[in-house]
Structure formats: C-alpha cells, structure tokens
Amino acid sequence: MYGRRAAQLLRELDSCEAGQLATFNSDVFDQVIRECDEHNTQFQSLIRKMVEQNLDIETTRNDDHYGAAVHHLSLLRNKRCLMAYMYNRAEVIQSFRWKIGPVLPHEIQEKLHFSEKEYFKSHSAAIKSYISEMDIDLTVDMVPPKDPYIQVRVLEDIGEVSLGDHSISLTKNSLHFLRRTDTEQFISQGLMEEFLE
C-alpha cells in the first residue's frame, strides 16, 4: 500500500518523548525515496501514454488519468511525510544547541544522520558568530534570574577555569558561589548542578 513506509517515519516521531530523538531511520527513509522515484516514473509514463494517444490531459477521465492522479497524490503525500520527519528532527536538533550547548554528547550524536550533524554544526556556528558579533550571550536564561549569583556543586572534575577576571579550580563535589552566566554552560553539560540548601 502506498505511503505506509512514510507513515512509519511519522509514527516513530510520535512515539518519542517531546524534545528527544530516535535514531535516524536511514533504511525506511531511503525506501520512501525509492517509492517516490517509482511513483514519479509511473506518473510520467501514464502522462506520456495519454499524450501519445492525443488525449487532453486536463479533461480526459480514463484509467490512465486516475492512475496518474493516484501516483501524483502518493508522491505528494510521501514528500510531505519526509519533510515533516526532517523538519521535526531539525527543530529538536536546534533545541539541543540551546539546552546542551555547542557539543553534543556521544549518545545523541549516534542518533543523528551525517547531514543532521552538519546542520547542528552550521546552526551552532551561526549562533556563535551572532553572539560574538553582538557581544551578548544568548544562551543564558530566557527568564531573568532573581539573583545573578548561585551556589553550585561540581559533579565531575573540570580543572582550572578562567571565569571573567579570575580563575578557579573546579574539583568534584566542591561548592562554589558563582555568577549564573558563568555556570550555565557547565550545568547544561551535566558537569555542575545548582546547590539548593
């Protein structure tokens, strides 16, 4: 049945938790592309047959016309499904840049297609370029914090880090009172957590 494989891709998207990705399904994606090629070939063949018979494509209503319509609509449906699959994955990938930072963990990278990895790199580079050009960090809280400083616990040894005008040694299980903007990247990477008393 036409469109079954394309629908499978969308069911995979639907089965994931919001903001999460399943592994890119190259096999089914490629099968849908091949099915689109088959639909296009059949559509072109039926239209060519009608033209050779000197039939008006606009007004003729015969088996070839309806066959061409089925192949054309199936092609459009598959195309919409592929675009929805890629668009939704791209949105999640963009959100990773804001939630996780410019470097994706290995377990997320394994789920991405090569083109999605390149997309993430390009998206990150564009954000980095804009941030440096405007001299404003867009990756900090979207809601203004009540206090610019927070107490954090270091979860893994990070080492000596330069924070603004001073450097600090961030060792595992140490507590620090730091500017929120200095800690955001470490918190998003899972290297620190806010310490609430």
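Quick notes on the rules
Residues numbered from 1 in each chain as written. Predicted model: local features only at pLDDT ≥ 70, side-chain atom pairs only at ≥ 80, totals over all residues. Heavy atoms only, no water. UniProt positions renumbered as here; feature names shortened; annotations may be inferred. Helix = DSSP H or I, 4+ residues; strand = E, 2+ residues; numbered from the N terminus. Salt bridge = Lys/Arg side-chain N within 4 Å of Asp/Glu carboxyl O. Buried < 20%, exposed > 50% of the residue type's maximum accessible area, 1.4 Å probe, protein only. Expected span 1.5 Å × (residues − 1). Arc of directions from axis to C-beta. Contact = heavy atoms within 4.5 Å. Phe/Tyr/Trp six-rings, centres within 6.5 Å; stacked < 30°, edge-to-face > 60°. Pairing = 2+ DSSP bridges. Axes fitted to C-alpha atoms, helices over the stretch in contact; angles between N-to-C directions.

Under an unreviewed UniProt entry, the protein has the name GINS subunit domain-containing protein and belongs to Zizania palustris.

Draft legend 1. Geometry of the UniProt feature "domain: DNA replication complex GINS protein PSF1 C-terminal" (unreviewed entry) in the protein. The feature "domain: DNA replication complex GINS protein PSF1 C-terminal" (unreviewed entry), as given by UniProt, occupies residues 146-196 in the numbering adopted here. Secondary structure across residues 146-196 divides into 18% helix and 47% strand, with the first and last C-alpha atoms of the span separated by 14 Å.

Draft legend 2. The arrangement of the pattern of salt bridges in detail. One pass over the structure, following the stated rule, counts six salt bridges. One salt bridge in this structure joins Glu116 and Arg89, with 2.6 Å as the shortest N-O distance. With a gap of 27 residues between them, Glu116 in helix α5 (residues 114-134) and Arg89 in helix α3 (residues 63-99) connect regions that are remote in the sequence. Both residues of the pair, Glu116 and Arg89, belong to the buried class.

Draft legend 3. Quick peek at the UniProt feature "domain: GINS subunit" (unreviewed entry) in the protein. As annotated by UniProt and renumbered to match this structure, "domain: GINS subunit" (unreviewed entry) occupies residues 49-134. The annotated region residues 49-134 carries 77% helix and 0% strand content, and the separation between its end C-alpha atoms amounts to 60 Å.

Draft legend 4. Structural view of unusual backbone geometry. Not every positive phi belongs to a glycine, and Asn54 is a case in point at roughly 55°. The residue Asn54 is located in the loop between α2 (26-52) and α3 in this model. The phi dihedral of Asn173 is positive, around 70°, even though this residue is not glycine. Along the polypeptide, Asn173 turns up in the loop between β3 (166-170) and β4 (175-179). On the accessibility criterion, Asn173 (54% relative accessible area) is exposed.

Draft legend 5. α5, seen in detail. Under the 1.5 Å per step criterion, the end-to-end length of α5 is 30 Å for 21 residues, consistent within 8% with the ideal 30 Å. Taken together, the buried positions of α5 are Glu116, Phe120, His123, Ser124, Ile127 and Ile131. Buried positions in α5, seen along its axis, are confined to an arc of 95° and lie on one side of it. Of the residues in α5, the exposed ones pointing more than 90 degrees away from the buried face are Phe114, Lys121, Ser132 and Glu133. Looking at the buried residues of α5, the elements they touch are α3. Asp135 sits one or two residues past α5 and shows a positive phi near 55°.

Draft legend 6. Representation of the packing of aromatic side chains. In this structure the tally under the stated criterion is four aromatic pairs. With centroids separated by 5.7 Å and ring planes inclined at 50°, the aromatic side chains of Phe24 and Tyr85 adopt a geometry described as tilted. Of the two residues, Phe24 sits in the loop between α1 (4-15) and α2 while Tyr85 sits in helix α3, which places them 61 residues apart along the sequence. When its relative accessible area of 10% is taken as the criterion, Phe24 is described as buried. Overall, the relative accessible area of 2% leaves Tyr85 in the buried class. Between the aromatic rings of Tyr149 and Phe177, the centroid separation amounts to 5.8 Å while the plane-to-plane angle is 15°, which identifies the pairing as stacked. Note that Tyr149 is positioned in strand β1 (residues 149-154) and Phe177 in strand β4, a separation of 28 residues in sequence. For Tyr149, a relative accessible area of 38% translates into the label partly exposed.

Draft legend 7. Structural view of the sheet that holds β1. Read from one edge to the other, the open sheet built from three strands follows the order β4-β1-β5, with strand pairing classed as antiparallel. One side of each edge strand has no neighbouring strand; the edge strands of this open sheet are β4 and β5 (192-194). Pairwise comparison of adjacent strand axes, ignoring direction, gives a mean angle of 40° for this sheet. For β1 and β4, the ladder comprises five bridges, and the chain directions are antiparallel. Of the residues in β4, the one forming a bridge with Gln151 is Phe177.

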